[in-house]
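Inside the fold
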Amino acid sequence: MFKLTSLNLNGIRSATTKGAEAWIAATAPDCICVQEIKAQAPDMAGRFEVLAGMKGYFHFAEKKGYSGVGVYTRHEPSEVIVGFDTEEFDAEGRYVETRFDTPGRKLSIISTYFPSGSSGELRQEAKFRFLAKMHTHLMNLKAERNFVLCGDINIAHQKEDLKNWRGNQKNSGFLPEERDWMTKLLHKTEITGGLVDVYRQLQPDTTDACYTWWSNRGQAYANNVGWRLDYHLATPAIAALARTESIYKGEKFSDHAPITIGYDMTL
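Residues numbered from 1 in each chain as written. Predicted model: local features only at pLDDT ≥ 70, side-chain atom pairs only at ≥ 80, totals over all residues. Heavy atoms only, no water.

- An unreviewed UniProt entry lists the protein chain under the name Exodeoxyribonuclease III, with Comamonas resistens given as the organism.
- In its Cofactor (unreviewed entry) section, UniProt records this for the protein chain: "Mg(2+)".
- The record held by UniProt for the protein chain lists under Sequence similarities (unreviewed entry) the comment "Belongs to the DNA repair enzymes AP/ExoA family." (UniProt positions renumbered as here; feature names shortened; annotations may be inferred.)

1. Brief notes about the overall build of the protein chain
- On a plain count of helices and strands, the protein chain comes out with seven helices and 15 strands.
- Here the C-alpha radius of gyration of the protein chain, 17 Å, is about what a compact globule of 267 residues would show, namely 18 Å.
- With respect to the principal axes defined by its C-alpha atoms, the protein chain has extents near 45 × 45 × 40 Å.
- Relative to its 267 residues, the protein chain shows a buried fraction of 54%.
- Taking the contacts inside the protein chain whose residues are at least 6 apart along the sequence as the reference set, 69% of them involve residues at least 24 apart.
- Carbon and sulfur atoms make up 50% of the accessible area of the protein chain, which amounts to about 11600 Å² in all.
- In the protein chain, the 32 positive side-chain charges and the 33 negative ones have mean positions that sit 3 Å from each other. (Helix = DSSP H or I, 4+ residues; strand = E, 2+ residues; numbered from the N terminus. Rg over C-alpha atoms; globule rule 2.2 N^0.38 Å. Buried < 20%, exposed > 50% of the residue type's maximum accessible area, 1.4 Å probe, protein only. Contact = heavy atoms within 4.5 Å. Areas by Shrake-Rupley, 256 points an atom, 1.4 Å probe, with all protein chains shown as cover. Lys, Arg positive; Asp, Glu negative; His and termini not counted. Charge placed at Lys NZ, Arg CZ, Asp CG, Glu CD.)

2. A look at the packing of aromatic side chains
- In total, this model carries 12 aromatic pairs according to the counting rule given.
- Here the aromatic rings of Phe-89 and Phe-130 are separated by 5.1 Å at their centres, their planes lie at 85°, and the arrangement is edge-to-face. Of the two residues, Phe-89 is situated in the loop between strand E6 (79-82) and strand E7 (95-99) and Phe-130 in helix H4 (residues 121-142); the sequence distance between them amounts to 41 residues.
- An angle of 20° between the planes, with centres 6.2 Å apart, marks the rings of Tyr-248 and Phe-253 as stacked.
- For Tyr-248, a relative accessible area of 26% puts it in the partly exposed group.
- Owing to a relative accessible area of 1%, Phe-253 belongs among the buried residues under this scheme.
- Aromatic rings pair up to connect Phe-84, Phe-89, Tyr-95, Phe-114, Phe-130 and Trp-181 into one cluster.
- Lying across the ring of Tyr-66, Lys-63 places its NZ or CZ 4.9 Å from the centre.
- Across the ring face of Tyr-221, the terminal group of Lys-252 is positioned such that the distance to the ring centre comes to 4.9 Å. (Phe/Tyr/Trp six-rings, centres within 6.5 Å; stacked < 30°, edge-to-face > 60°. Lys NZ or Arg CZ within 6 Å of the ring centre and 35° of its normal.)

Here it is, written out as structure tokens:
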């Protein structure tokens, strides 16, 4: 079983002081995709290039203490792709793709961090630009290889994916345009879709149990007033291999919880 975890760290230094590294070592995933590293290469040197015995591959933001994604893996990639949009979003450190190709297979594990639009109209407009570019990128990628994209998508797709769906219909993360983007991406028959929300394939009906993010305001975590923002999005051939899923809430390393999927495959 290939165990793949995704976790928004909300700062790698902060998360490790809260026990994230020890948890990763204990659960021993084959690969973990991390987001919001909030560090640059010099900050990682000598400390975070390897985590719980796994080597990391990163895309750092140019802005200090901001964004940044990584893939830690026990297996040597055949290729690493850093960034997907040189025009605008690569400067923000939002995409790293590790390829594990063999003569008979093309397979990528991707860690990505979608922008949030909650800080205002300009960032929401940037988020829409990101979604458009990411859709094109994923369709092109799907045409040539299988992949699992893990990350903080910053979209709750359906009303079952957040506690207060009625009150959030005009808020970033649950806007109709964002949800439509996800619906299009997951459409089973249209050429502009074809990806699979792996968690929902395994758990189609969960509500309160599915949340992966909680606001730091009030008692959101204590009261489980959460959102499902963290996903495994896979091509159908890989999604068909998914067997187990878990969202770990036993400890709080970040404002996000790690989501792990077990796939019946090996690298």
